[in-house]
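Notes for the structure review
These are the residues of each chain, in order.
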There are 2 protein chains.
Amino acid sequence: MRLNHLTTLTLAAAISAALPAAYAATIRAPAELPAKQTVADVIKASTPADWRPLDPQQTLYMDTALGRVIIELAPEFAPKHVANIKALVAEQYYDGLAITRAQDNWVAQWGDADEKNPKPIKHAQRTLPGEFTVPMKNVTSFTRLKDIDGYAPQVGHSNGFASARDPKSGTAWLTHCYATVGVGRDVGSDSGGGTELYAVIGQSPRHLDRDITVVGRVVSGMPLLATLPRGTAPMGFYDSPEKTVPIKSVRLAADLPLDQRVQMEVMRTDSAAYQAVLEAQRNRGGPWSKVQAGHIDLCNAPIPVREVGK
Amino acid sequence: MRLNHLTTLTLAAAISAALPAAYAATIRAPAELPAKQTVADVIKASTPADWRPLDPQQTLYMDTALGRVIIELAPEFAPKHVANIKALVAEQYYDGLAITRAQDNWVAQWGDADEKNPKPIKHAQRTLPGEFTVPMKNVTSFTRLKDIDGYAPQVGHSNGFASARDPKSGTAWLTHCYATVGVGRDVGSDSGGGTELYAVIGQSPRHLDRDITVVGRVVSGMPLLATLPRGTAPMGFYDSPEKTVPIKSVRLAADLPLDQRVQMEVMRTDSAAYQAVLEAQRNRGGPWSKVQAGHIDLCNAPIPVREVGK
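First things first, this report covers the structure right here in the doc. Keep in mind that this is a model prediction, so the values were computed, not measured.

From N to C terminus, chain A includes five helices and 16 strands. Looking at the 310 residues of chain A, the share that counts as buried comes to 59%. A fraction of 73% describes how many contacts in chain A between residues 6 or more apart in sequence connect residues 24 or more apart.

Below you can see the structure in the form of structure tokens.
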């Protein structure tokens, strides 16, 4: 087993191998791009003002048998659903439920999958009318990407969330990218309420945008969700309860003592530093990169997160 | 544990829950879209002429300790690398190597990660000049998507592979989508040759297009690669040899007796059926969907694959 020195996609040490002459004559090596700052460089050079702490009133800790997933909620985009999910959390509704679905290149889903014999709810709502879009004026921040998008007239970031908007209809919505968290529903647009939630674990399914209520995104724990064994029942559901992953508890960070909270920060997506992150990804410098993409897709825009003191 | 009836993103049975009146007054339910054929409907209605068998001369079976991954090679887009990988397979180079890297929302990678003490090669080349693009005229088929793309002037499908081209420079290339297989390299554009290969396991990293040699795609076994535990060393490499996943063998289908080959078919991407697949995904009908996306991203275009007789 060989692993002492890693040949990688991005490692700076080149293999010094002579070109076979037959190829060298016919294929011209691309010209070298000048080096420029990377996303890591931008993060390193950032100042405290470029970051915001996660709001404990909008942060969920989901503790499962496999570990913790941390979710940031986006109340501006789904006020009633976020309030309802927090009400479900307050009555410890999710505790003892499970991750019931993992479909490859699609979603992991958790909550109560039992329609016939649903888990009782004390105070929260079981279902709500969908909040698929909100009035643009309700969204306090939007930093538009200059890059084109096929799914929406305008895309960019709102307070750390990938989002889109349509000035013609005056509506805005969160987009489905990797780690986006949404509310499972049935056929009716009013058939979801938060008793089942999903996170995107593959290629961004942007065709779900404006068709389902999005409530936030996973800021820590994606590897846990993305590596779940795929379910073998239709749509990636687990075919027996034994295969599901128990949820021990879901708690609001604000409901925990300060010393039990994870101190996390998210780069402000309305900062100059974040513009530099986007540009570092949009047009990467040499020497590894030979070509600049000249474009960044909304769902390829990294939103840096860090744990304070780590 | 509740799992007898599945509440899902797409299941047709609606929960019959009365609308809370306070919401009903302020939020209007979206109008229902007429039903139309789904991707599954198109596949069901397809005829044998809409499918092609996998070419055994361009099909690799990689058998690992966790199961099999089947890869279709694309010789038109990387003729020298595909020939070299087949030469490596012929001399059983990959047998006994391992999957050495799994980075979340990025790639799984396998082969020889040891630069200092590389596994000897008998007849194949260790490195080749990169085949990042090829002349457009070398590509025998291109069915263009009508949808816009931020990364390339034209995108579409060539013989079952997502691809792009630029008429101005006269070049074509395979694009990085979920399941795309490429050739790991170091800084030099001539530093890869196939001793390390990777597959995309997350959001499509289209900014790698034209910067690395792409040789094909995984047509079976993505769940195996996508659920690998993420490596904890830099860039998702496993931090000890014990964590890597041994490769038992990699074989060319054509080198196996007929009864040991998996009979698979891929939908022809130049067929009318495939246009119907694209349209079913681009503009989904009701009743579940309330809004049509009106767009399909190249990497959201499913390329149907089926095992014959299953």
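Next up on the list: the state of the cysteines. All names here are of chain A. Applying the stated rule across the entire model yields two disulfides over all chains. Disulfide pairing places cysteine 177 opposite cysteine 299 at an S-S distance of 2.0 Å. Around the S-S axis, the bridge from cysteine 177 to cysteine 299 shows a dihedral of about -70 degrees and counts as left-handed. With cysteine 177 in the loop between β10 (171-174) and β11 (180-183) and cysteine 299 in the loop between α5 (272-282) and β16 (305-307), this residue pair connects regions lying 122 residues apart in the sequence. Summarising the burial analysis for this pair, cysteine 177 and cysteine 299 share the class buried.

Turning our attention to the sheet that holds strand β11 (residues 180-183) of chain B. Pairing between sheet strands relies on hydrogen bonds along the backbone, with the strands arranged either parallel or antiparallel. Residue and element names in this part refer to chain B. Ordered by their spatial adjacency, eight strands build a closed barrel running β2-β3-β13-β11-β12-β5-β4-β14, and the pairing between neighbours is antiparallel. Each strand axis lies, on average, 35 degrees off the axis of its neighbour in the sheet, ignoring direction. Relative to strand β13 (residues 214-220), β11 is paired through three bridges, and the arrangement is antiparallel. The residue bridging valine 181 from the neighbouring strand is glycine 216, located in β13. Of the strands in this sheet, β2 (59-64), β3 (67-73), β11, β12 (196-200), β13 and β14 (245-252) are in contact with helix α3 (residues 79-90), which crosses β14 at around 110 degrees.

Another point: the packing of aromatic side chains. For the coordinates displayed, the defined rule picks out two aromatic pairs over all chains. Ring plane angle 80 degrees and centroid distance 5.4 Å describe the contact between tyrosine 93 of chain A and tyrosine 94 of chain A, whose orientation is recorded as edge-to-face. The pair formed by tyrosine 93 of chain A and tyrosine 94 of chain A is uniform in burial state, with each residue classed as buried. Here the guanidinium or amino end of arginine 306 of chain A rests over the ring plane of tryptophan 51 of chain A, the centre of that ring lying 3.8 Å away. When the ring centre of tryptophan 288 of chain A is taken as origin, the NZ or CZ atom of arginine 185 of chain B, which lies over that ring, is 3.8 Å away.

This part covers the sheet that holds strand β1 (residues 51-53) of chain A. Residue and element names in this part refer to chain A. One open sheet accounts for three strands, arranged β1-β15-β16; its pairing is antiparallel. Each edge of the open sheet carries a strand with a single partner, namely β1 and β16. Between one strand and the next, the sheet's axes are offset by a mean angle of 30 degrees, whatever the strand orientation. With three bridges joining them, β1 and strand β15 (residues 264-267) adopt antiparallel strand pairing. Each residue of the ladder has a partner; that of proline 53, found in β15, is glutamate 265.

All names here are of chain A. Position of threonine 59 relative to the elements: it lies in strand β2 (residues 59-64). C-alpha of threonine 59 to C-alpha of isoleucine 71: the two residues are 12 residues apart in sequence and 5.7 Å apart in space. Reaching out from threonine 59, the side chain makes a polar contact with the backbone oxygen of aspartate 55 at a distance of 2.7 Å.

In summary, the side chains of a regular strand alternate between the two faces of the sheet. All names here are of chain B. For β2, the tally of buried residues reaches six of six residues, placing the bulk of the element in the interior. Neither face of β2 is exposed, since Thr59, Tyr61 and Asp63 on one face and Leu60, Met62 and Thr64 on the opposite face are all buried. Pairing geometry for β2 and β3, over six bridges, is antiparallel. Pairing of leucine 60 across the sheet is with isoleucine 71, part of β3. In this structure, β2 lies alongside β14, joined through five bridges in antiparallel fashion. Opposite tyrosine 61, over in β14, you have arginine 251 as the bridge partner.

Overall, the coordinates contain 24 salt bridges over all chains when judged by the stated rule. Residues arginine 282 of chain A and glutamate 279 of chain A are paired through a salt bridge, measuring 2.7 Å at the closest nitrogen-oxygen approach. Placement of both arginine 282 of chain A and glutamate 279 of chain A in helix α5 is noted, with a separation of three residues, approximately one turn of the helix. In this structure glutamate 279 of chain A comes out as partly exposed when scored by relative accessible area, which is 26%. Residues arginine 185 of chain B and aspartate 211 of chain B are paired through a salt bridge, measuring 3.8 Å at the closest nitrogen-oxygen approach. Taken together, the residues arginine 185 of chain B in the loop between β11 and β12 and aspartate 211 of chain B in the loop between β12 and β13 connect sequence positions 26 residues apart. A relative accessible area of 0% places aspartate 211 of chain B in the buried class. Each of Lys36, Asp147, Glu279 and Arg282 of chain A takes part in salt bridges that share partners, so that together they form one network.

How each quantity is defined
Residues numbered from 1 in each chain as written. Chains lettered and ligands numbered in written order. Predicted model: local features only at pLDDT ≥ 70, side-chain atom pairs only at ≥ 80, totals over all residues. Heavy atoms only, no water. Helix = DSSP H or I, 4+ residues; strand = E, 2+ residues; numbered from the N terminus. Buried < 20%, exposed > 50% of the residue type's maximum accessible area, 1.4 Å probe, protein only. Contact = heavy atoms within 4.5 Å. Disulfide = S-S within 2.5 Å. Pairing = 2+ DSSP bridges. Axes fitted to C-alpha atoms, helices over the stretch in contact; angles between N-to-C directions. Phe/Tyr/Trp six-rings, centres within 6.5 Å; stacked < 30°, edge-to-face > 60°. Lys NZ or Arg CZ within 6 Å of the ring centre and 35° of its normal. Polar contact = N/O pair within 3.5 Å; in protein donor to acceptor, adjacent residues only side chain to side chain. Salt bridge = Lys/Arg side-chain N within 4 Å of Asp/Glu carboxyl O.

The values reported here are purely geometric and, on their own, carry no functional implication.
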